[in-house]
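Commentary on secondary and tertiary structure
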Amino acid sequence: MRTPLVVGNWKMNGTLAETRALTTALRDGLKRPGRVEVVVCPPFTALAAAAEILAGGPILVGAQTCHHEPSGAHTGEVAPPMLVELGCRYVLCGHSERRREMGETDEQIQLKVAAVLRHGLTPILCVGETGEERRQGLTFTTVEGQLRAGLAGLDAAAVGRCVLAYEPVWAIGTGVNATPAQAGEVHGYLRGLVSEVASKDTAQSVRILYGGSVKADNADVLLAEQDIDGALVGGASLTAPGFIGIVRKAARGAASRGD
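Residues numbered from 1 in each chain as written. Predicted model: local features only at pLDDT ≥ 70, side-chain atom pairs only at ≥ 80, totals over all residues. Heavy atoms only, no water.

1. Structural notes on helix α2 (residues 47-54)
Because each turn of an α-helix spans 3.6 residues, side chains separated by three or four positions in sequence point in the same direction. The element α2 is extensively covered by neighbouring structure, given that six of its eight residues are classed as buried. Of all the positions in α2, only Leu47, Ala49, Ala50, Ala51, Ile53 and Leu54 are classed as buried. Buried residues along α2 sit against α1 (16-29), β2 (37-41), β3 (59-63) and α3 (80-86). (Buried < 20%, exposed > 50% of the residue type's maximum accessible area, 1.4 Å probe, protein only. Helix = DSSP H or I, 4+ residues; strand = E, 2+ residues; numbered from the N terminus. Contact = heavy atoms within 4.5 Å.)

What follows is the structure, encoded as structure tokens:
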């Protein structure tokens, strides 16, 4: 059974004081998260503080992006070895906000995925369609293009070290999430694509998360879908009660499936 993964993406939120308060509350509230893996992704400025507070506990730390080069003249960028030094374990790659706001291309995202893997980190490759693409019936075309491009050049073993996240752009920060049936359909399609680009065994082991207005009150029905292996959480990860509630829903679901 795939271990559920719940990731909190704090985006551009969190002073050092706010980071220390939130990570302390999460550490104290999730000492035993159960059958679920938990990751928080603070902004770069807060990574060290979060990692220090969470060190030795079950909650891992991830970064929201990185550069694909290990060093160099790239003003304002952060390299994978720097993230390793801070204690990061995961890196988000290709989040729709970076695709849209920062102009990240599929080719750049592929370079990031490969670089993250080379440095022993786990990439979380994000894919998802806009509202207009869904209305035009292009959902599967869009996510397939993004997935194939992001995993290009990787062998089955490398693909197996990745995590995927389906985040319909029209659901991010809007309060409108995909229905369980809509999300489950796309997740199943993505798993089939992984079987094609890697192997059937890899497809069965790779975790695929759902993101897009995930909250404690809708997490259980989304995570009940057989191909949804966890959640990439935005706004609801900025409060300890909200994020802990989602983790507990994921843990209960995993426990019930394992019995």
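And the narrative resumes.
2. Considering unusual backbone geometry
At Lys11, a residue that is not glycine, the phi angle is positive and equals roughly 55 degrees. Along the chain, Lys11 turns up in the loop between β1 (5-9) and α1. Here Lys11 falls in the partly exposed class, since its relative accessible area comes to 22%. At Ser213, a residue that is not glycine, the phi angle is positive and equals roughly 60 degrees. Within the fold, Ser213 resides in the loop between β7 (207-211) and α11 (216-223). Its relative accessible area of 13% is what places Ser213 among the buried residues.

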